[in-house]
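# Overview (structure and organization)
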Amino acid sequence: MTDRRPTVVLVQNSPHSGPGRLPGWLEADGAAAAVVQGADLVEQVPSLAAGGAAAPDGVAGLVLLGGGLLPDEDERAPWLPHERALVAEALDAGVPVLGICLGGQVLAHVTGGTVTGRSGETEKGLCPVRLLDDAADDALLGPLGALAEGGEVRMVESHVDSITGLPPEAVHLATSDACGVQAFRVGDVAWGLQFHPEAAPERIGTWDADELAELGFDRDALLAAALERAPENEKQARALASAFAAVVHARCERDLGDRSPSDSPRNRAHNDAGVR
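Residues numbered from 1 in each chain as written. Predicted model: local features only at pLDDT ≥ 70, side-chain atom pairs only at ≥ 80, totals over all residues. Heavy atoms only, no water.

## A look at the overall build of the chain
A count of helices and strands for the chain gives seven helices and 11 strands. Taken against the 2.2 N^0.38 rule, which gives 19 Å for 276 residues, the C-alpha radius of gyration of the chain at 18 Å falls within 12% of a compact globule. Within the chain, contacts between residues separated by at least 24 positions form 76% of all contacts whose residues are at least 6 apart in sequence. Carbon together with sulfur atoms contributes 49% to the accessible area of the chain, which is approximately 11700 Å² in total. Put simply, the chain has 21 plus and 42 minus side-chain charges, and the middle of one group is 3 Å from the middle of the other. (Helix = DSSP H or I, 4+ residues; strand = E, 2+ residues; numbered from the N terminus. Rg over C-alpha atoms; globule rule 2.2 N^0.38 Å. Contact = heavy atoms within 4.5 Å. Areas by Shrake-Rupley, 256 points an atom, 1.4 Å probe, with all protein chains shown as cover. Lys, Arg positive; Asp, Glu negative; His and termini not counted. Charge placed at Lys NZ, Arg CZ, Asp CG, Glu CD.)

## What to know about the nonpolar core
Core analysis: the biggest nonpolar cluster contains 37 residues, and V63, L98, L140, L141 and F244 have the highest contact counts within it. Secondary-structure elements contributing two or more residues to this core are β1 (7-12), α1 (22-28), β4 (97-100), β6 (123-131), β7 (152-159), β9 (170-175), β11 (190-193) and α7 (230-257). Setting aside chain neighbours within four positions, we find V63 in contact with V8, V9, L10, V11, L22, L98, I100 and F244. The next biggest cluster of nonpolar side chains, apart from the first, holds 34 residues, and it includes L80, A90, L91 and A108. (Core = buried A, V, L, I, M, F, W, Y, C linked by side-chain atoms within 4.5 Å. Buried < 20%, exposed > 50% of the residue type's maximum accessible area, 1.4 Å probe, protein only.)

## Things to note about the pairing of β7
In terms of burial, β7 is a largely internal element, six of the eight residues being buried. In this sheet, β7 lies alongside β6 in antiparallel orientation, the contact comprising eight bridges. Looking at β7, one finds that L126 is bridged to V156. (Pairing = 2+ DSSP bridges.)

## Concerning the packing of helix α3 (residues 80-93) against helix α4 (residues 102-110)
α4 packs onto α3 with a crossing angle of 70 degrees between their chain directions and a minimal axis gap of 10 Å. Taken as axis vectors, α3 and α4 run roughly perpendicular relative to one another. Classified by chirality, the crossing of α4 by α3 is right-handed. Packed against α3, whose contacting residues are L80, E83, R84, V87, A88 and L91, the element α4 presents V106, L107, H109 and V110 at the interface. Among the residues making up the contact of α3 with α4, the classes are represented as seven nonpolar, one polar and two charged. (Axes fitted to C-alpha atoms, helices over the stretch in contact; angles between N-to-C directions. Parallel < 35°, antiparallel > 145°, perpendicular 65-115°, else oblique. Left-handed = near helix turned anticlockwise from the far one by under 90°. Nonpolar A, V, L, I, M, F, W, Y, C, P; charged D, E, K, R; others polar.)

## Overview of unusual backbone geometry
For C101, which is not a glycine, the phi torsion comes out positive at approximately 55 degrees. Residue placement: C101 occurs in the loop between β4 and α4. At R118, a position not held by glycine, the phi torsion is positive, near 45 degrees. You can see R118 is positioned in the loop between β5 (114-116) and β6.

## Some remarks on the side chain of Q105
Note that Q105 resides in helix α4. A polar side-chain atom of Q105 sits 3.4 Å from a polar atom in the side chain of Q194. Setting aside chain neighbours within four positions, we find Q105 in contact with L69, P71, V115, D161, S162, I163 and Q194. (Polar contact = N/O pair within 3.5 Å; in protein donor to acceptor, adjacent residues only side chain to side chain.)

## Let's talk about α4
It helps to recall that an α-helix has 3.6 residues per turn; residues three or four apart then point in one direction. Burial analysis of α4 places nine of its nine residues in the buried class, which makes it a mostly covered element. G112 sits one or two positions beyond α4 and adopts a positive phi of about 95 degrees.

And the structure:
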């Protein structure tokens, strides 16, 4: 029997930046999660509408995972041009997008923002993320408000690159003292995050201790501090994943119930010149 659940494709850009908790959470919320390796992206997802091997009935949601790359390092990751093209397609078609770390930087790049390598906004560990006023009624971050302590949530962070200039049409949703752009939205259903909701705090214990020491961090101390607030992080990250699944379901229901080929809603807040 055909699986009629909406398919969310998760693009894995690095073997070290897997989907973590997200596939299980999305499946629990009624979506079919398909993890696609970056090297297989062109073959398995030629377009969102066609879907390909990863999503035979089309892609209902797109999640871009992290990786130690910049969004235009095509020589290191030859699939990035296609990934950026899929983001542009999603923006045009109103397909929900969730970009995480590198994925959020890809969304920023496509929509006219600025991403800076080794920007000086380095974060490692379970870090505070402050929700801004516009997050209150946001479909993705709004549900976190009730779970925030003093307006802050705790999320795993692991980056040396960051978004240093928001896209022109972006809504700034979250920030921190260490990193200015923690979350933003472009249009109605595309979000970029600097933090990692997919990563459990326990994962910090697998990070390279020597690399962390070179950046001035002690892995054992980071892990101990993270484990103290792991239950808080799980509730908050789980709420975010459920909110994204709800957006995917809502868009699918709207497509089935209201949309005709001549009047489909569009999200045109991207800059085609940024897609290379």
